[in-house]
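# Residue-level structure breakdown
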Amino acid sequence: MNIKELKPGHYKIRKNDEKDSFRLLRVVDNGKAQKMYFGASIKGYHPNKISNLNEFEVVSKFEGKPKIVNSKIILSFQDSTGSTFNIPLENVSEVSKVFTALPWLKKHFVKERGSF
């Protein structure tokens, strides 16, 4: 399946060198141009504008809405030495609790006009 020629829909994809890590690809065709959205991104790109598209392979196409059987939120950041910290969260309301407890972390996740 050529990834540049996908029909509109939701696809499970992965990078060719990451066999155990999957990503969501949403393909939309508004009649003028096709756009591809990775994950929950709100910015889509025409397939010809995505330089590394050949690094991905299509695993499958979702027929209808994907059935979710295990969901989680992980807040992840790196400190100045490059150490990665992952904070697992049960639900969206816990994000606000983390930012209240760690206000120094909040400013790196909230845009100037955003709020939690």
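What this report covers is the structure whose coordinates are included nearby.

Calculation criteria
Residues numbered from 1 in each chain as written. Predicted model: local features only at pLDDT ≥ 70, side-chain atom pairs only at ≥ 80, totals over all residues. Heavy atoms only, no water. Helix = DSSP H or I, 4+ residues; strand = E, 2+ residues; numbered from the N terminus. Rg over C-alpha atoms; globule rule 2.2 N^0.38 Å. Buried < 20%, exposed > 50% of the residue type's maximum accessible area, 1.4 Å probe, protein only. Contact = heavy atoms within 4.5 Å. Pairing = 2+ DSSP bridges. Axes fitted to C-alpha atoms, helices over the stretch in contact; angles between N-to-C directions. Phe/Tyr/Trp six-rings, centres within 6.5 Å; stacked < 30°, edge-to-face > 60°. Lys NZ or Arg CZ within 6 Å of the ring centre and 35° of its normal. Polar contact = N/O pair within 3.5 Å; in protein donor to acceptor, adjacent residues only side chain to side chain. Arc of directions from axis to C-beta.

Moving on, we get to the overall build of the protein. Helix and strand counts for the protein come out as 2 helices and 6 strands. Moving toward the C terminus, one meets the helices and strands of the protein in the order β-β-β-β-β-β-α-α. Expected size for 116 residues packed as a compact globule is a radius of gyration near 13 Å; at 17 Å, the protein overshoots this value by more than 25%. With 116 residues in all, the protein has 22% of them scored as buried. In the protein, once contacts between residues fewer than 6 apart in sequence are set aside, the share between residues at least 24 apart is 34%.

Moving on, we get to the sheet that holds strand β3 (residues 34-38). Spatially, β3-β2-β1-β4 is the arrangement adopted by the 4 strands of the open sheet, whose pairing is antiparallel. Each end of this open sheet is capped by a strand with a single partner; those strands are β3 and β4 (56-62). Sheet twist, expressed as the average angle between the axes of neighbouring strands with direction ignored, equals 30°.

In the structure shown here, the tally under the stated rule is 4 aromatic pairs. Taking 6.0 Å as the distance between ring centres and 80° as the angle between the ring planes, the aromatic pair formed by Phe77 and Trp104 counts as edge-to-face. You can see Phe77 sitting in strand β5 (residues 73-78) and its partner Trp104 sitting in helix α2 (residues 103-106), a full 27 residues away along the chain. Three or more aromatic residues link up through ring pairs in this structure, and these residues are Phe77, Phe85 and Trp104. A cation over an aromatic ring shows up here: Lys12 above the ring of Phe22, its NZ or CZ 5.1 Å from the ring centre. Lying across the ring of Tyr37, Arg26 places its NZ or CZ 4.2 Å from the centre.

What follows deals with the side chain of Gln34. Here Gln34 lies in strand β3. Of note is the side chain of Gln34, whose polar atom sits 2.6 Å from the backbone oxygen of Leu6. The residues touching Gln34, leaving out its near neighbours within four places in the chain, are Lys4, Leu6, Val27, Val28, Asp29, Tyr45, His46 and Pro47.

Among the residues of helix α1 (residues 93-101), Val95, Val98 and Phe99 are the ones counted as buried. Burial along α1 is one-sided: seen end-on, the buried residues are contained in an arc of 95°. Opposite the buried face of α1, by more than 90 degrees, sit the exposed residues Lys97, Thr100 and Ala101. Considering only its buried residues, α1 is in contact with β5, β6 (84-89) and α2.

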